[in-house]
Amino acid sequence: MCSPEEGALLRQEEVFSTTLARINTLVLQPLLLTTPEPSDPRDRECLRLLQQLHRSSQQLWEVTEESLHSLRERLRHPDSVGLESLLLLRNADHVLQVHMEYFESYTSCVVVQAFQKAAKRRSEYWRGQRKTLWQLLSGMGSEGSMGTALVQVLRQPLAHHLQQYVLLLLSLGDTIGEHHPARELVVHAATLFGNLQSFMRQALDQAVATQALWHTLGSRLRDMLCIPAHRLLQDSKDIPVTVAPLRAERVLLFDDALVLLQGHNVHTFDLKLLWVDPGQDEYTFHLLTPEEEFSFCTKDPQSQAVWQWKVTQAVCQALRGKKDFPVLGAGLELPEPPACRCGAYTFRGEGRLCQATYEGEWCQGRPHGKGTLKWPDGRNHVGNFCQGLEHGFGIHLVPQVCEDKFDCYKCHWWEGSMCGYGICTAPMRYTRATSRQACGTDLGSWRAPHRPPSPAGTQATGSRARGAATVSRRTEIGASAMSACGRLTSGMAPGSWSHRRVSATRAPSRRTRWWAQGSSSLKMTPCTKGKITFPNGFTLEGSFDSGTGSGLHTQGVLDTGALPPDPSSTCKRQLGLGAFPVESRWQGVYGPFRDFVRAGCPGDLQEALLGFHVQSSKVLRKSQEYLCCERTHPEDGTGSIEDILEEVLRHREPKALQQYLGKALSNSLHPLGKLLRTLMLTFQATYAGVGANKHLQGMAQEEVKQHARELWVAYRGLLQVALQRKGQTLEDEDVETRDLQVHGLVLPLVLPSFHSELFTLYLLLHEREDSLYSQGITNLSLFPDTKLLEFLEVQKHLWPLKDLTLTTNQRYSLVRDKCFLSATECLQKIITTMDPREKLEVLEKTYGEIEATVSRVLGREHKLPMDDLLPLLIYVAARARIQHLGAEIHLIRDMMDPIHTGGLYDFLLTALESCYEHIQKEDMRLHRFPGCWEPREAW
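Just so we're clear, the structure is a prediction, and the values are computed from it rather than from any experiment. (Residues numbered from 1 in each chain as written. Predicted model: local features only at pLDDT ≥ 70, side-chain atom pairs only at ≥ 80, totals over all residues. Heavy atoms only, no water.)

1. Re the overall build of the protein chain
Broken down by element type, the protein chain carries 30 helices and 23 strands. Here the protein chain, with 939 residues, has 49% of them falling under the buried criterion. For the protein chain, long-range pairs separated by at least 24 residues make up 60% of all intrachain contacts whose partners lie at least 6 apart in sequence. Working note: accessible area of the protein chain is about 45700 Å², and carbon and sulfur atoms make up 52% of it. (Helix = DSSP H or I, 4+ residues; strand = E, 2+ residues; numbered from the N terminus. Buried < 20%, exposed > 50% of the residue type's maximum accessible area, 1.4 Å probe, protein only. Contact = heavy atoms within 4.5 Å. Areas by Shrake-Rupley, 256 points an atom, 1.4 Å probe, with all protein chains shown as cover.)

2. Re the sheet that holds strand β3 (residues 250–254)
Across the sheet, which stays open at both edges, the four strands sit in the order β1-β3-β4-β5 with antiparallel pairing between neighbours. Both edges of this open sheet fall to β1 (232–235) and β5 (265–270), since each of them pairs with a single strand only. Here the average twist between neighbouring strands, direction ignored, is 15 degrees. Where strand β4 (residues 257–262) and β5 come together, six bridges link them in antiparallel fashion. Looking at the pairing, Gln262 lines up with Asn265 of β5. (Pairing = 2+ DSSP bridges. Axes fitted to C-alpha atoms, helices over the stretch in contact; angles between N-to-C directions.)

3. Examining the pattern of salt bridges
Under the counting rule described, the total for this entry stands at 23 salt bridges. Ionic pairing is found between Asp906 and Arg893, a salt bridge with its closest N-O pair at 2.6 Å. Here Arg893 lies in helix α28 (residues 885–895) and Asp906 lies in helix α29 (residues 904–928), a separation of 13 residues in the sequence. The class for Arg893 is partly exposed, based on a relative accessible area of 26%. Taken together, the shared-partner salt bridges in this structure form one network comprising Arg247, Lys839 and Glu888. (Salt bridge = Lys/Arg side-chain N within 4 Å of Asp/Glu carboxyl O.)

4. Comments concerning helix α12 (residues 301–320)
Helix length check: α12, at 20 residues, gives a terminal C-alpha distance of 28 Å against a target of 28 Å (1.5 Å per residue), a fit within 8%. Those residues of α12 that are buried lie in contact with β1, β3, β6 (275–278), β7 (284–288), β8 (293–297) and β9 (340–346). Regarding α12, its N-cap is Asp300, as a side-chain oxygen of that residue lies 3.2 Å from the backbone nitrogen of Gln302 further along. A positive phi of about 80 degrees marks Gly321, the residue just after α12. (Expected span 1.5 Å × (residues − 1). Polar contact = N/O pair within 3.5 Å; in protein donor to acceptor, adjacent residues only side chain to side chain.)

5. Let's talk about a nonpolar patch on the surface
Nonpolar side chains collect at one region of the surface, where Met866, Leu904 and Phe907 lie side by side and expose about 250 Å² of accessible area between them. Tracing the chain through its elements places Phe907 in helix α29. Using a relative accessible area of 34% as the deciding quantity, one classes Phe907 as partly exposed. (Patch = residues over 30% accessible without salt bridge, like charges linked within 9 Å, V, L, I, M, F, W, Y side chains within 5 Å.)

6. So, the packing of aromatic side chains
Applying the stated rule across the entire model yields 20 aromatic pairs. Directly above the ring of Phe759 sits Arg247, whose terminal nitrogen or CZ lies 4.0 Å from the centroid. (Phe/Tyr/Trp six-rings, centres within 6.5 Å; stacked < 30°, edge-to-face > 60°. Lys NZ or Arg CZ within 6 Å of the ring centre and 35° of its normal.)

7. Quick look at unusual backbone geometry
Ala244 connects to Pro245 through a cis peptide bond whose omega is 5 degrees. Looking at the element boundaries, Pro245 is found in the loop between β2 (242–244) and β3. You will see that Gln387, though not glycine, has its phi angle at about 50 degrees, which is positive. Topologically, Gln387 is positioned in the loop between β12 (380–386) and β13 (389–399). Taking the relative accessible area as the measure of exposure, Gln387 reaches 37% and is therefore partly exposed.

8. Focus: the confidence of the model for the protein chain
On average, residues of the protein chain carry a pLDDT of 76, and 74% of them reach 70 or more. Note that pLDDT drops below 50 for residues 429–526; the model gives that stretch 238 contacts with residues more than four away or on any other chain. pLDDT under 50 marks residues 923–939. Its contacts with residues more than four places away, or in other chains, come to 27 contacts. (pLDDT = per-residue confidence, 0-100.)

In structure tokens, the structure reads:
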């Protein structure tokens, strides 16, 4: 006998089947008919998604009809047809899958706003269907837009239907009892559709969040990232995170990729080849990719836990190849993605693997296990890999000049080099061999790290290649980063040097300023013979060693008869300063470009002189790798050199020139962009990794300015050639005009390319001051608002007590982080930009917010004198809690436009510097008065 719940299920299926048929007839079919075949790729994508949704809806209707048929058979023959024959029970997984396919097609349409676009294209038609559409929706008014109506019509009936499914199946399970043979099927079906409800809610939230994301991005980024399959899982605007060393401005975690936005750069990482490595503290964790290593740092442990958990879950989901069901992260335990995986990746960084594709086994971001490595020139290696290098048996093929002919090397490898017994086969060529000479086969043995004569034309090292790190051993300034000769600053002595720090004991004392003459490595501890000169003229010459304990051990002659040296020759000396003038560096990079300009920019020499394959640019623009690794819009590829020169002539006005230079410098296929990219790689190779030494900060910042000057000269060179082709000449430019263009126009455009490595050097150079500043911020954060204002001696009539909203259990003396809130939030934005001018504008706005708050408190416009401004600015800086403020200030000071010297920006920056110094001093004063509030004495 049938239960009442089975009859209710029958009626529910009938209603849903009718609703689906009406939706197909009144909504989906008109959507397809009123959407002609568009020419725009985005519109074609929307049409494809609507067609997929129509097919999914048709399949859902067919499954509903089958379920309805099984229910009718059950009700007609209750004695012969058992409950387990119902399609909802015997094939619940199939019914569930059809529902999921429909909803995934629906959410893809939501992500790209396909319904709103379709309604907008035929707005008159859909306005005529308004009443019909709203009749399909229960319990909703008709005041929304047509796009909203389409969104609701295609989702609400399904959501209501699933809710009824779950309720009726649960009721049916209670009715038939625990011992019924179909009881387990009923419970299983109710669980599946209950989980599907949770899955639909989360999938819809992700789709809506992803759709909202596109409105916060520029058109170029939106076109690159707006993919229907993308689902936004986390945005750093919601939970802030700092990425080192890339210093990304924004981090977007999708369900299939991690995207870092950094200036003009868009770094995209496939989650299948992303490894999560927990950090040493509760604020940081590390990520490994085939070519990059970086860390995520958050402000609190809770944020770190959310980011690490979501990234780990997303990696697991990407490796499984399907979305989690019933809901992302349903379990509380943290998943552990496998360390060893299989995948394919094309290397983009400079080095021996540039443009090579590896397909095979990976472990912790490196090829490890069996795999195949293929280069664009036809070389390939099949065999075993260990920690990124060929290791074990492998077969290496090197193409010959003639087509379809290869040199084949079958041998064992050891850390990237051929080692032991092997066979070299060279078809149609006679080689020196121990046997089988007529066949062109060479049998022999090799010892690592030596190689046979020209086996592959490649290089392998025992260290892991990361980006352009190997360039530092070949470039000019890279050598100076490793060693330098001349008179050096304190901590340096002559001869060879070990990698330990100098800690002089007795003579010279730890506070003695001294210098030395000779050569050094990075950390500058002498370990052989040399000579040390002291400020009073004394010299110490002999043998130096760090010894077994701490301090400096020496045996030599102390000469006390010499006169003190000239102070001008001893102060502010720095590693390599003077040995490599900034004007003489990187001539190997600038030279080819100058030759290209001097030759009149001939198109046939563009590839030979500038070093990129012009003919392959169209192919690159079509590839997904190009979108990931290049910083240009897919439509921004350069044409012929004639087109480039014509464009230079069309963009000579100041506003147009700024836009043109920004576009050209961000396009690695443009001569200027190629030059900038090469300079960026050399800068990274010199000052990143082992080159990240604080003693190189001065060299690095003057090098960035020199690059900006040279890029302006390069632009002027292209302009000169363009004018010459028109029979015109380029007017000479005076030094003052050139400096204005370099600092005001070019430097802000190129600084993001060098900012990461440059800012790291500033961090290292001002590490001690920033540490004192951080301690001062920590101590000042213990004060509530009114106590801190009193401690800083801010006059009480300037206190914004009106801004403090109190509860019944609060007092003014307990409230924190409420005063001058607008100024604090404004100052925190100083770290969101890399342009010194924009940072100064943030500082000016902060000053304006402080004055606006004070004017509001006083009820009249009020200009703050310096005596009142300084303590208020200290308060705002203390509440803003900006990390590494000293490095930020010094970077602004060094890189800002000279025209601001002596102006308002200079005044405000000086005031911020004073605040920074005062906060450092507060550290000691707070410790001297731990138990009392003596603001005047502490100040």
